[in-house]
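An overview of the molecular structure
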Amino acid sequence: MEGRGFTFNPNSYNNFLSGTNTSSTSGIIFDSCSSSSINMMSNTCANPIMNSKIWSKLPETLVDRVIAFLPPPAFFDARSVCKRWSNLLISNSFIEMYLSISSLARQRHTWFLFFKHKKLKSYIHGNNYKQREIEDNSSSREGYLFDPNEMKWYKILFGSVIPSGFSPCSSSGGLICWVSDVAGIKNLILCNPLLVKIYHSILMMNTITTRTPRLFPSVGLNVTNSSLDVVVAGDDLISQFNVKNVSSEIYHVYSSGGGGGYSLWGGTTSALPEKCSLQPGGKMVFVDGKFYCMSYSPFNISGYDVGLNEWFEIEAPMRRHLRSPNLVECRGRLVLIAAVEKSKLKVPKSLRMWVLQRSSSTTCTNNQRKKWLEAEKMPQNLYKQFSEAGGDGDEGFDCVGNGNFIIITLPGSDNMLLFDFYQKAWQWIPPCPYSGGDGRLRGFAYEPQLFTPILAWVSPHESGI
């Protein structure tokens with residue numbers, strides 16, 4: 001089956017699982033600030049109760065099932081235990097078993113992946129781009145994995161797997177999306193940090209590029225077992241010295257299931273709302289079939305409906321009094337987080353959260369009429385600590401959500417706040433021991449997955465890998 005530069009290869013599923021046509025996984029290093037589960041298991045084996053004569057006879061099928069239930073850090077260590085375990089993680093039988101139980105274990109793996117955030121610089125012109133590339137790229141070659149349940153940090157070194165001049169911009173389905181830094185036609189990369197396999201712009205023709213030159217676009221990614229959506233929006237380079245938020249490009253591929261092949265439409269251009277003012281390099285959040293991102297001057301929420309292929313806008317609550325607004329997805333709902341300042345009304349400064357109410361209608365007109373419900377207000381004594389730590393600074397703060405958790409990061413500070421939406425509890429996070437203390441971390445929701453089924457429907461060779 002062929003379409004728009006893509007070729008469906010019936011054998012690609014097996015090739016994908018066996019590692020054919022994928023980049024080398026060399027260069028990956030995994031480290032933890034505390035013992036991981038695999039280390040704990042080895043310590044337990046030293047216990048006299050764990051008789052090696054008994055446990056060495058454990059059936060391999062049972063051992064494999066135990067491995068499938070290991071927490072994410074253990075997969076990195078498990079690959080180095082022996083050759084059989086290393087090959088096991090990419091075998092057809094293990095992947096099938098892993099997928100069958102992953103939905104049961106997924107609630108335990110709502111993690112966060114942080115990277116050192118590059119400062120936005122002008123790449124429109126100048127002869128020193130190569131030097132800036134060398135200076136900035138070292139920061140994106142390592143990631144910091146945080147487990148909110150255990151309050152532990154881990155470090156991932158990507159080595160030379162990620163090319164120079166790329167920055168992480170979005171995440172979904174166990175994949176991290178990277179976008180090229182240089183102004184102009186953009187290249188996208190999809191990478192699975194767990195296996196460090198790269199799928200070079202699977203949705204982008206053979207040229208692996210966007211159609212419109214852009215500076216720092218907002219990028220959204222949504223990945224499921226049967227579909228993959230990418231939206232690249234805003235920061236259109238109208239000329240060498242003129243940048244406007246004019247258009248977006250949408251790429252979509254989905255599997256019909258049951259071995260019936262796949263369908264796609266890619267590179268479709270859609271006009272942004274007339275007064276849309278996206279933040280350069282801003283994040284997008286996917287909720288209920290729609291991508292959302294913040295629009296500034298004034299504050300509004302811009303949304304893209306994947307099914308209707310239309311953009312719409314939603315008015316933000318208290319938008320005249322908001323500072324540093326952020327959108328996150330939490331428990332399947334769209335949450336707006338912002339500091340509120342109402343000096344003329346003598347209302348104390350605060351940090352609040354609103355949840356967008358669901359609507360039974362799917363039309364863009366009704367999307368615009370959706371209402372916000374205030375769901376949380378930071379305690380005043382905690383907000384005082386938050387302000388003293390840098391929350392009231394000119395650079396504002398950044399937020400990321402995953403599952404029940406929301407993390408608030410403060411630029412220029414190692415301090416991070418964790419909010420449990422289910423328990424309604426606030427907690428300061430231990431500083432990341434690997435970041436060097438520069439306080440420029442940008443976080444992404446991360447749910448570790450060994451395999452993303454939808455990627456198997458597109459031949460890696462035809463995708464430019």
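This text goes with the structure placed above it.
What you are looking at is a predicted structure, and each value in this text was computed from that prediction instead of being measured.

**Things to note about the overall build of the protein**
- If you tally the helices and strands in the protein, you get 10 helices and 29 strands.
- When each of the 465 residues of the protein is scored for burial, the buried share is 53%.
- Surface accessibility of the protein: about 20,600 Å² in total, with carbon and sulfur atoms responsible for 51%.

**Here's the deal with the pairing of strand S13 (residues 236-239)**
- As paired elements, S13 and strand S14 (residues 242-244) share three bridges and run antiparallel to each other. Within S14, the position partnered with Leu237 by the bridge is Val243.

**Brief notes about the layout of surface pockets**
- Taken as a whole, the second largest pocket holds about 870 Å³ of empty space.
- Ser172, Glu329, Asn402, Ala445 and Glu447 are, among the 38 residues lining the second largest pocket, the residues nearest its centre.
- Broken down by secondary-structure element, the contributors of at least two residues to the lining of the second largest pocket are strand S7 (166-172), strand S11 (218-223), strand S17 (285-287), strand S21 (322-330), strand S25 (398-402) and strand S29 (441-446).

**Some points on helix H10 (residues 380-391)**
- Helix length check: H10 (12 residues) gives 13 Å between terminal C-alpha atoms against 16 Å at 1.5 Å per residue, more than 12% under.
- Those residues of H10 that fall on the buried side of the exposure criterion are Leu382, Tyr383, Phe386, Ser387, Ala389 and Gly391.
- Elements that come into contact with the buried residues of H10 comprise S21, strand S22 (333-342), strand S23 (347-356), strand S26 (405-409), strand S27 (416-420) and strand S28 (425-429).

**Description of the nonpolar core**
- Ranked by size, the top nonpolar core spans 33 residues in total, and within it Ile67, Phe75, Phe94, Trp178 and Leu450 carry the most contacts.
- Here this core gets five residues from one element, more than from any other, and that element is helix H7 (residues 92-105).
- With residues up to four places along the chain from it excluded, the contact list for Ile67 reads Phe75, Trp85, Leu88, Leu89 and Phe94.
- Counting 22 residues, the second largest nonpolar core, distinct from the first, contains Val355, Tyr383, Ala389 and Phe397.

Thresholds applied
Residues numbered from 1 in each chain as written. Predicted model: local features only at pLDDT ≥ 70, side-chain atom pairs only at ≥ 80, totals over all residues. Heavy atoms only, no water. Helix = DSSP H or I, 4+ residues; strand = E, 2+ residues; numbered from the N terminus. Buried < 20%, exposed > 50% of the residue type's maximum accessible area, 1.4 Å probe, protein only. Areas by Shrake-Rupley, 256 points an atom, 1.4 Å probe, with all protein chains shown as cover. Pairing = 2+ DSSP bridges. 1 Å grid on protein atoms, 1.4 Å probe; cavity = no way out; pocket = protein on both sides within 12 Å on 5 of 7 lines; lining within 4 Å. Points joined across faces, edges and corners; volume = space filled by probe spheres on them. Expected span 1.5 Å × (residues − 1). Contact = heavy atoms within 4.5 Å. Core = buried A, V, L, I, M, F, W, Y, C linked by side-chain atoms within 4.5 Å.

Read these as spatial facts, not as claims about activity.
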